[in-house]
Amino acid sequence: MNLWRNIKGTFQPFWVTLRYLFKRPVTISYPEQKRTPPPRYRARMILTRDPEGEERCVACHLCSAACPVDCISMQAAERENGRRHAAWFRINFARCIYCGLCAEACPTLAIQMSPEYELSNRDPLKLVWEKEDLLVDHGGKDPDYNFYHHSGIGVVAPRGGNDDELPPVNIKTNLP
Ligand code: SF4
Ligand code: SF4
């Protein structure tokens, strides 16, 4: 019995190798060949723009609060018209675990995951990306969305002037 098991154990690996010798390989020769990930693949983040070409990020810090590894940091600033933006915005991709929680938390759809997965670098400092590296000139997965058309705050339009907003109520007219 032991002899039979030894013979089987010796020849079985050769049989497995032989079976797979004439099958199509499941691996590819990366980096010469590259796979195209699906559009919703969670790789590096981008900072998108609204349909008017303005930066969507309003530096609300929600993404950095949601990030489980604290790899997002920023400094909030305000323009003359009251519109907030990030004076600087930084992501440390050496710490990011690509969980997507930052994109889930973002109320303006500014931060989004992109399918770009080629980020490896021997120097960890080169994995710290600034706003200029992250900012793209399109709206990403929801190009028509503009936070300031829905937020109802009289920053870039008068109160009541946004798409989904009713005119402000004059409470004095409601009094009996
Ligand atoms: S994907 Fe996750 S780990 Fe990476 S920056 Fe966003 S919240 Fe942080
Ligand atoms: S990317 Fe989104 S969640 Fe993060 S600070 Fe900007 S607006 Fe807020």
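Residues numbered from 1 in each chain as written. Chains lettered and ligands numbered in written order. Predicted model: local features only at pLDDT ≥ 70, side-chain atom pairs only at ≥ 80, totals over all residues. Heavy atoms only, no water.

The name given to the protein in an unreviewed UniProt entry is NADH-quinone oxidoreductase subunit I, with Syntrophotalea acetylenivorans as the source organism. UniProt, in the comment section headed Sequence similarities (unreviewed entry), describes the protein in these words: "Belongs to the complex I 23 kDa subunit family." The record in UniProt for the protein states the following under Catalytic activity (unreviewed entry): "a quinone + NADH + 5 H(+)(in) = a quinol + NAD(+) + 4 H(+)(out)". (UniProt positions renumbered as here; feature names shortened; annotations may be inferred.)

Caption draft 1: Main features of the sheet that holds strand 5 (residues 128-130). Taken in spatial order, the three strands of this open sheet run 2-3-5, and their pairing is antiparallel. Each edge of the sheet is formed by a strand with only one pairing partner; in this case those strands are strand 2 (72-78) and strand 5. Between one strand and the next, the sheet's axes are offset by a mean angle of 15°, whatever the strand orientation. As paired strands, strand 3 (residues 84-92) and strand 5 are joined by three bridges and run antiparallel to one another. Note on strand 5: the bridge partner recorded for Ile-91 is Trp-129. (Pairing = 2+ DSSP bridges. Helix = DSSP H or I, 4+ residues; strand = E, 2+ residues; numbered from the N terminus. Axes fitted to C-alpha atoms, helices over the stretch in contact; angles between N-to-C directions.)

Caption draft 2: Seen up close, unusual backbone geometry. The omega torsion across Tyr-30 and Pro-31 is 10°, close enough to zero to call that bond cis. Topologically, Pro-31 is positioned in the loop between helix 1 (2-21) and strand 1 (45-47). Phi at Ala-59 takes a positive value of approximately 50°, unusual for a residue other than glycine. Within the fold, Ala-59 resides in the loop between strand 1 and helix 2 (62-66).

Caption draft 3: Main features of the UniProt feature "binding site: [4Fe-4S] cluster 1" (unreviewed entry) in the protein. The feature "binding site: [4Fe-4S] cluster 1" (unreviewed entry), as annotated in UniProt, sits at Cys-57, Cys-60, Cys-63 and Cys-106 in this numbering. Of the residues just listed, which span 50 residues, no C-alpha pair is farther apart than 10.3 Å, and they cluster in one region. Exposure remark for Cys-63: the relative accessible area of 8% places this residue in the buried category. For Cys-63, the residues in contact, after removing those within four places along its chain, are Ile-72, Met-74, Phe-89, Cys-102 and Ile-111. According to the relative accessible area criterion, Cys-106 is buried, its value standing at 13%. (Buried < 20%, exposed > 50% of the residue type's maximum accessible area, 1.4 Å probe, protein only. Contact = heavy atoms within 4.5 Å.)

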